[in-house]
Amino acid sequence: MLLSPGSTSGATHADEAFASWVDRMARANRCPSAEVADLMGLRLRGVYANARPPVFGVQRDEAVRQTVYAATGVPGGTVDRMHLSVFEGGPLSVAAVLSAGKAHWPSATREWVEVYGNRACPCCLLASGGVWQLWWKLSCAAVCPEHRVTLLDRCPACGWVLSWGGDRPRVMPAQWVRSPTCCANSVRGKPCSQWLPAIRVGQADKRTVAAQR
(Lines give C-alpha, C1' and ligand atoms only; values in the text may rest on other atoms or scores of the structure.)
Protein backbone atom coordinates (compact mmCIF):
# COMPACT_ATOMS: atom_id res chain seq x y z
CA MET A 1 0.00 0.00 0.00
CA LEU A 2 1.15 3.52 -0.75
CA LEU A 3 1.96 5.95 2.08
CA SER A 4 -0.99 6.27 4.44
CA PRO A 5 -3.18 9.33 3.70
CA GLY A 6 -3.28 9.86 7.45
CA SER A 7 0.31 11.08 7.37
CA THR A 8 1.02 14.79 6.96
CA SER A 9 2.34 14.62 3.40
CA GLY A 10 -0.17 12.09 2.10
CA ALA A 11 -3.32 13.47 3.75
CA THR A 12 -6.26 14.49 1.62
CA HIS A 13 -7.46 18.11 1.79
CA ALA A 14 -10.92 19.57 1.32
CA ASP A 15 -11.47 20.96 -2.19
CA GLU A 16 -8.22 19.51 -3.58
CA ALA A 17 -8.06 18.41 -7.22
CA PHE A 18 -7.58 14.68 -7.77
CA ALA A 19 -4.47 15.24 -9.92
CA SER A 20 -2.97 17.43 -7.18
CA TRP A 21 -3.45 14.67 -4.61
CA VAL A 22 -1.91 12.05 -6.92
CA ASP A 23 1.11 14.29 -7.39
CA ARG A 24 1.49 14.86 -3.64
CA MET A 25 1.21 11.12 -3.01
CA ALA A 26 4.02 10.64 -5.51
CA ARG A 27 6.23 13.11 -3.67
CA ALA A 28 5.37 11.59 -0.28
CA ASN A 29 6.37 8.16 -1.60
CA ARG A 30 9.43 9.53 -3.43
CA CYS A 31 8.11 8.02 -6.60
CA PRO A 32 7.35 9.45 -10.10
CA SER A 33 3.72 10.51 -10.54
CA ALA A 34 3.22 8.16 -13.50
CA GLU A 35 4.29 5.20 -11.39
CA VAL A 36 1.98 6.16 -8.52
CA ALA A 37 -0.89 6.51 -10.99
CA ASP A 38 -0.13 3.02 -12.31
CA LEU A 39 -0.07 1.60 -8.77
CA MET A 40 -3.52 3.13 -8.24
CA GLY A 41 -4.76 1.43 -11.40
CA LEU A 42 -5.61 4.73 -13.10
CA ARG A 43 -4.47 3.58 -16.58
CA LEU A 44 -3.31 7.00 -17.76
CA ARG A 45 -0.63 6.07 -20.25
CA GLY A 46 -1.62 6.45 -23.89
CA VAL A 47 -0.30 6.71 -27.44
CA TYR A 48 0.08 10.49 -27.39
CA ALA A 49 1.98 12.26 -24.62
CA ASN A 50 -0.46 15.18 -24.53
CA ALA A 51 -3.72 13.36 -25.28
CA ARG A 52 -6.34 13.96 -22.64
CA PRO A 53 -7.29 11.19 -20.21
CA PRO A 54 -11.07 11.11 -20.88
CA VAL A 55 -12.24 10.69 -17.27
CA PHE A 56 -9.20 11.40 -15.09
CA GLY A 57 -10.06 14.12 -12.59
CA VAL A 58 -13.37 14.88 -14.27
CA GLN A 59 -15.79 12.11 -13.38
CA ARG A 60 -14.96 9.21 -11.11
CA ASP A 61 -16.11 5.70 -11.83
CA GLU A 62 -16.40 2.67 -9.59
CA ALA A 63 -13.17 1.15 -10.87
CA VAL A 64 -11.24 4.26 -9.82
CA ARG A 65 -12.88 4.24 -6.39
CA GLN A 66 -11.92 0.61 -5.81
CA THR A 67 -8.35 0.78 -7.10
CA VAL A 68 -7.56 3.98 -5.18
CA TYR A 69 -9.01 2.52 -1.98
CA ALA A 70 -7.00 -0.69 -2.42
CA ALA A 71 -3.77 1.26 -2.98
CA THR A 72 -4.18 4.02 -0.39
CA GLY A 73 -7.14 3.33 1.91
CA VAL A 74 -8.83 6.58 0.82
CA PRO A 75 -12.63 5.98 0.75
CA GLY A 76 -14.71 6.41 -2.38
CA GLY A 77 -16.59 9.45 -1.07
CA THR A 78 -13.32 11.34 -0.65
CA VAL A 79 -12.27 10.39 -4.17
CA ASP A 80 -15.59 11.65 -5.51
CA ARG A 81 -15.09 15.08 -3.93
CA MET A 82 -11.77 15.51 -5.74
CA HIS A 83 -13.41 15.23 -9.18
CA LEU A 84 -14.84 18.08 -11.26
CA SER A 85 -18.22 16.35 -11.40
CA VAL A 86 -19.01 17.98 -8.02
CA PHE A 87 -19.71 21.16 -10.04
CA GLU A 88 -22.23 19.48 -12.34
CA GLY A 89 -25.37 21.58 -12.64
CA GLY A 90 -23.53 24.73 -11.58
CA PRO A 91 -20.57 26.23 -13.44
CA LEU A 92 -19.73 23.00 -15.26
CA SER A 93 -21.20 20.56 -17.77
CA VAL A 94 -19.44 17.24 -17.27
CA ALA A 95 -21.00 15.89 -20.46
CA ALA A 96 -19.46 18.78 -22.42
CA VAL A 97 -16.05 18.16 -20.87
CA LEU A 98 -16.14 14.44 -21.64
CA SER A 99 -17.40 15.11 -25.17
CA ALA A 100 -14.53 17.51 -25.82
CA GLY A 101 -12.19 14.95 -24.30
CA LYS A 102 -12.87 12.51 -27.13
CA ALA A 103 -10.63 14.67 -29.30
CA HIS A 104 -6.89 14.02 -29.05
CA TRP A 105 -5.95 17.68 -28.80
CA PRO A 106 -7.26 20.46 -26.54
CA SER A 107 -9.12 23.54 -27.68
CA ALA A 108 -8.51 26.55 -25.45
CA THR A 109 -11.54 28.41 -26.83
CA ARG A 110 -14.28 25.95 -25.93
CA GLU A 111 -13.34 24.38 -22.61
CA TRP A 112 -15.42 24.42 -19.43
CA VAL A 113 -12.25 23.66 -17.51
CA GLU A 114 -8.50 24.10 -17.83
CA VAL A 115 -7.75 20.45 -18.57
CA TYR A 116 -4.13 20.77 -19.67
CA GLY A 117 -3.22 23.65 -17.42
CA ASN A 118 -4.35 25.28 -14.22
CA ARG A 119 -4.68 28.55 -12.37
CA ALA A 120 -3.48 29.08 -8.83
CA CYS A 121 -3.27 31.47 -5.91
CA PRO A 122 0.40 31.71 -4.79
CA CYS A 123 -0.75 32.63 -1.27
CA CYS A 124 -2.90 29.50 -0.99
CA LEU A 125 -0.06 27.32 -2.30
CA LEU A 126 2.25 28.72 0.37
CA ALA A 127 -0.29 28.25 3.18
CA SER A 128 -1.21 24.69 2.15
CA GLY A 129 2.24 23.46 1.20
CA GLY A 130 1.24 22.83 -2.40
CA VAL A 131 -2.42 21.78 -2.45
CA TRP A 132 -3.97 22.71 -5.81
CA GLN A 133 -7.65 23.44 -5.34
CA LEU A 134 -10.23 21.79 -7.57
CA TRP A 135 -12.16 24.96 -8.44
CA TRP A 136 -9.02 26.59 -9.86
CA LYS A 137 -9.51 24.41 -12.93
CA LEU A 138 -12.88 25.96 -13.77
CA SER A 139 -12.80 28.39 -16.68
CA CYS A 140 -14.69 30.92 -14.52
CA ALA A 141 -11.93 30.93 -11.87
CA ALA A 142 -10.33 34.39 -11.87
CA VAL A 143 -9.52 35.58 -8.34
CA CYS A 144 -8.93 34.12 -4.88
CA PRO A 145 -11.74 35.31 -2.57
CA GLU A 146 -9.67 34.54 0.53
CA HIS A 147 -6.54 36.51 -0.39
CA ARG A 148 -8.26 38.87 -2.87
CA VAL A 149 -5.65 38.43 -5.58
CA THR A 150 -5.82 37.54 -9.26
CA LEU A 151 -5.16 33.86 -9.91
CA LEU A 152 -1.89 33.05 -11.65
CA ASP A 153 -2.17 31.17 -14.94
CA ARG A 154 1.34 31.39 -16.40
CA CYS A 155 4.79 31.02 -14.92
CA PRO A 156 6.69 34.31 -15.42
CA ALA A 157 10.01 32.44 -15.50
CA CYS A 158 9.32 30.03 -18.37
CA GLY A 159 6.25 31.71 -19.86
CA TRP A 160 4.19 28.51 -20.05
CA VAL A 161 0.77 27.85 -18.53
CA LEU A 162 0.88 26.20 -15.12
CA SER A 163 0.94 22.43 -15.48
CA TRP A 164 0.08 21.09 -12.03
CA GLY A 165 -3.27 19.33 -12.00
CA GLY A 166 -3.35 18.72 -15.75
CA ASP A 167 -2.34 15.44 -17.38
CA ARG A 168 1.08 15.43 -15.67
CA PRO A 169 0.74 12.08 -13.84
CA ARG A 170 1.14 10.45 -17.26
CA VAL A 171 3.86 12.52 -18.88
CA MET A 172 6.09 13.85 -16.09
CA PRO A 173 9.68 12.56 -16.67
CA ALA A 174 10.49 9.71 -14.30
CA GLN A 175 13.55 11.45 -12.83
CA TRP A 176 11.54 14.49 -11.73
CA VAL A 177 9.96 14.49 -8.29
CA ARG A 178 9.04 18.15 -8.00
CA SER A 179 7.59 20.14 -5.15
CA PRO A 180 3.97 21.17 -5.91
CA THR A 181 4.91 24.73 -4.96
CA CYS A 182 7.39 24.89 -7.87
CA CYS A 183 6.66 25.22 -11.57
CA ALA A 184 6.31 21.79 -13.18
CA ASN A 185 7.08 22.83 -16.73
CA SER A 186 9.93 21.52 -18.84
CA VAL A 187 12.32 24.11 -20.27
CA ARG A 188 14.82 22.71 -22.78
CA GLY A 189 14.58 19.32 -21.14
CA LYS A 190 15.05 20.64 -17.60
CA PRO A 191 12.47 21.50 -14.92
CA CYS A 192 11.65 25.17 -14.42
CA SER A 193 12.92 26.20 -10.98
CA GLN A 194 10.39 28.98 -10.30
CA TRP A 195 8.99 28.88 -6.74
CA LEU A 196 5.36 29.88 -7.30
CA PRO A 197 4.62 31.49 -3.87
CA ALA A 198 7.32 34.07 -4.65
CA ILE A 199 5.39 35.40 -7.66
CA ARG A 200 3.63 38.71 -7.07
CA VAL A 201 0.07 38.81 -8.39
CA GLY A 202 -2.32 41.74 -8.71
CA GLN A 203 -4.91 42.70 -6.14
CA ALA A 204 -8.54 42.12 -7.16
CA ASP A 205 -11.20 44.77 -6.62
CA LYS A 206 -14.04 44.13 -4.18
CA ARG A 207 -16.67 43.73 -6.89
CA THR A 208 -14.70 41.01 -8.67
CA VAL A 209 -14.05 39.19 -5.39
CA ALA A 210 -17.76 39.29 -4.55
CA ALA A 211 -18.66 37.96 -8.01
CA GLN A 212 -16.17 35.10 -7.66
CA ARG A 213 -17.62 34.12 -4.29
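These figures come from a predicted structure and were not determined experimentally. (Residues numbered from 1 in each chain as written. Predicted model: local features only at pLDDT ≥ 70, side-chain atom pairs only at ≥ 80, totals over all residues. Heavy atoms only, no water.)

Draft legend 1. Region of interest: the overall build of the chain. Along the backbone of the chain there are eight helices and four strands. Order of helices (α) and strands (β) in the chain, N terminus to C terminus: α-α-α-α-α-α-β-β-α-β-β-α. Expressed as a percentage of contacts within the chain between residues at least 6 apart in sequence, the contacts between residues at least 24 apart total 63%. Counting every atom, the chain has about 10600 Å² of accessible surface; 53% of that belongs to carbon and sulfur. (Helix = DSSP H or I, 4+ residues; strand = E, 2+ residues; numbered from the N terminus. Contact = heavy atoms within 4.5 Å. Areas by Shrake-Rupley, 256 points an atom, 1.4 Å probe, with all protein chains shown as cover.)

Draft legend 2. Quick look at the side chain of Glu 16. With respect to the secondary-structure elements, Glu 16 resides in the segment before helix H1 (18-28). Taking relative accessible area as the criterion, Glu 16 reaches 0% and is therefore assigned buried. Separated by 2.7 Å, the side chains of Glu 16 and Ser 20 make a polar contact. Setting aside chain neighbours within four positions, we find Glu 16 in contact with Trp 21, Arg 24, Arg 81, Met 82, Val 131, Trp 132, Gln 133 and Leu 134. (Buried < 20%, exposed > 50% of the residue type's maximum accessible area, 1.4 Å probe, protein only. Polar contact = N/O pair within 3.5 Å; in protein donor to acceptor, adjacent residues only side chain to side chain.)

Draft legend 3. Spatial organisation of helix H3 (residues 62-72). Of the residues making up H3, those classed as buried are Val 64, Val 68, Ala 71 and Thr 72. In a view along the axis of H3, the buried residues occupy a sector of 75°, so they form one face of it. Summarising the geometry of H3, the exposed residues directed more than 90 degrees from the buried face are Gln 66 and Ala 70. Tucked inside the fold, the buried residues of H3 contact H1, helix H2 (33-39) and helix H4 (76-81). Remark: Gly 73 follows H3 within two positions and exhibits a positive phi of approximately 85°. (Arc of directions from axis to C-beta.)

Draft legend 4. Here's a closer look at unusual backbone geometry. The backbone phi angle of Arg 148 is positive, close to 55°, even though this residue is not glycine. Within the secondary structure, Arg 148 sits in the loop between strand E1 (143-144) and strand E2 (149-150).

Draft legend 5. How the structure looks around the packing of aromatic side chains. Inspection of every chain in the model, using the stated rule, returns two aromatic pairs. Arranged with centres 5.9 Å apart and planes meeting at 85°, the rings of Trp 132 and Trp 136 form a pair that is edge-to-face. Here Trp 132 and Trp 136 have matching classes, each one buried. (Phe/Tyr/Trp six-rings, centres within 6.5 Å; stacked < 30°, edge-to-face > 60°.)

Draft legend 6. A look at the pattern of salt bridges. Going through the model one piece at a time under the given rule, you end up with three salt bridges. The residue Glu 62 makes a salt bridge to Arg 65 at a minimum N-O spacing of 3.6 Å. Taken together, the residues Glu 62 and Arg 65, both in helix H3 and three residues apart, mark about one turn of the helix. Here the salt bridges share partners, and the residues they tie into one network are Glu 62, Arg 65 and Asp 80. (Salt bridge = Lys/Arg side-chain N within 4 Å of Asp/Glu carboxyl O.)

Draft legend 7. Representation of the state of the cysteines within the structure. Counted according to the given criterion, the structure contains zero disulfides. Cysteine Cys 158 shares no disulfide, and the gap to the nearest cysteine sulfur, in Cys 155, comes to 3.8 Å. Residue Cys 158 is classed as buried on the basis of its relative accessible area of 19%. (Disulfide = S-S within 2.5 Å.)

Everything listed here is a matter of geometry and, on its own, says nothing about what the molecule does.
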